[in-house]
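Single-letter residue listing:
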Amino acid sequence: MGRLDGKVALVTGSARGIGKGIATELAREGADVIVADLLIDLAYQTAGELQNRHGVTTLALEMDVTSDDSIAANVEQAIAEMGQIDILVNNAGVAPDNLSQNEVESDWDRCFEVNLKAIWKVTSALKPHFIENGGGKIVNIASIAARQGGTIAAYSASKAGAVSLTQSQSIELGPHNVNVNAVCPGLLWTDMWRKLEGMLIGDDADEVVDRRAAFETAVANNMPLGREQTPEDIGKAVVFFASDDAKNITGQSLNVDGGMRMN
């Protein structure tokens, strides 16, 4: 018996990386999973893996979290095919194309559109469904960058906004029995970090980026536990918030970062 047996979860940006780790842990605990991502081929692959490995029902959807029409159509299809949605994980996220000293307005627009505004859009689309069903669980994926600004200002600011929005949503939706919490991942070796690695080193060639030099230095210098985080680590935190174990917790943001930030 899993903690999420009989539940249906929609996870945005879940074809790969942190989102895939979240979807995997939700499925491991018995939840049926909707893999929503722009990378539809990878979404189908991930959905198939989850179904084969964990015996859950899955659905792959091509969702653009910046498009009202795409969100509305996909939410409607998901509810029609899966019957219900009990858990929403707003995971889709992007990093800017430049570091702070070289950021341009398009970096800010994209980070805020995907990392912050999309949380509001997708949640708003599902709000009537949660209310009609008598409750639900929402987990927003922020970042440890929300705790302290740094070399990626647009990203940090958008993720700080996600933490604040989580608190606002918890106040708004609490009376409808909807818990809203956030997880702040630390440092994970994902495609997003590979992009940042290239920016920090000044060379994005695969043979340079794959050395993980800047990443491993950041882990060693910033984490008391001295080890990187994994997508599964983030998924386990999401499972906790999505389960009845956290039924009396809302408006909180949990750092999963090896002790990098203690707040």
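Scroll up for the structure.
In what follows, the accompanying structure is described. (Residues numbered from 1 in each chain as written. Predicted model: local features only at pLDDT ≥ 70, side-chain atom pairs only at ≥ 80, totals over all residues. Heavy atoms only, no water.)

## Section: the overall build of the chain
Link 1 in the chain: A tally of helices and strands in the chain yields nine helices and seven strands.
Link 2 in the chain: For 263 residues, the compact-globule estimate of 2.2 N^0.38 gives 18 Å, and the C-alpha radius of gyration of the chain, at 18 Å, lies within 12% of that figure.
Link 3 in the chain: Principal axes of the C-alpha set define a box for the chain whose edges measure 50 × 40 × 35 Å.
Link 4 in the chain: Relative to its 263 residues, the chain shows a buried fraction of 51%.
Link 5 in the chain: In the chain, once contacts between residues fewer than 6 apart in sequence are set aside, the share between residues at least 24 apart is 72%.
Link 6 in the chain: Accessible surface, the chain as shown: approximately 11700 Å² in total, 47% of it carbon and sulfur. (Helix = DSSP H or I, 4+ residues; strand = E, 2+ residues; numbered from the N terminus. Rg over C-alpha atoms; globule rule 2.2 N^0.38 Å. Buried < 20%, exposed > 50% of the residue type's maximum accessible area, 1.4 Å probe, protein only. Contact = heavy atoms within 4.5 Å. Areas by Shrake-Rupley, 256 points an atom, 1.4 Å probe, with all protein chains shown as cover.)

## Focus: the side chain of Glu197
Link 1 in the chain: Looking at the secondary structure, you find Glu197 in helix α6 (residues 191-201).
Link 2 in the chain: Within the buried core, Glu197 has no salt-bridge partner, and the shortest N-O distance to an opposite charge, that of Arg212, equals 7.3 Å.
Link 3 in the chain: Side-chain polar atoms of Glu197 contact the backbone nitrogen of Ala214, separated by 2.8 Å.
Link 4 in the chain: Aside from chain neighbours lying at most four places away, what touches Glu197 is Trp189, Val209, Arg212, Ala213, Ala214 and Phe215. (Lys, Arg positive; Asp, Glu negative; His and termini not counted. Salt bridge = Lys/Arg side-chain N within 4 Å of Asp/Glu carboxyl O. Polar contact = N/O pair within 3.5 Å; in protein donor to acceptor, adjacent residues only side chain to side chain.)

## Some remarks on the pattern of salt bridges
Link 1 in the chain: Inspection of every chain in the model, using the stated rule, returns 14 salt bridges.
Link 2 in the chain: Of the charged contacts in the structure, one is a salt bridge between Arg212 and Glu216, with a shortest N-O distance of 3.1 Å.
Link 3 in the chain: Look at Glu216 and you get partly exposed, because its relative accessible area is 40%.
Link 4 in the chain: One salt-bridge network, in which partners are shared between bridges, spans Arg3, Glu29 and Asp245.

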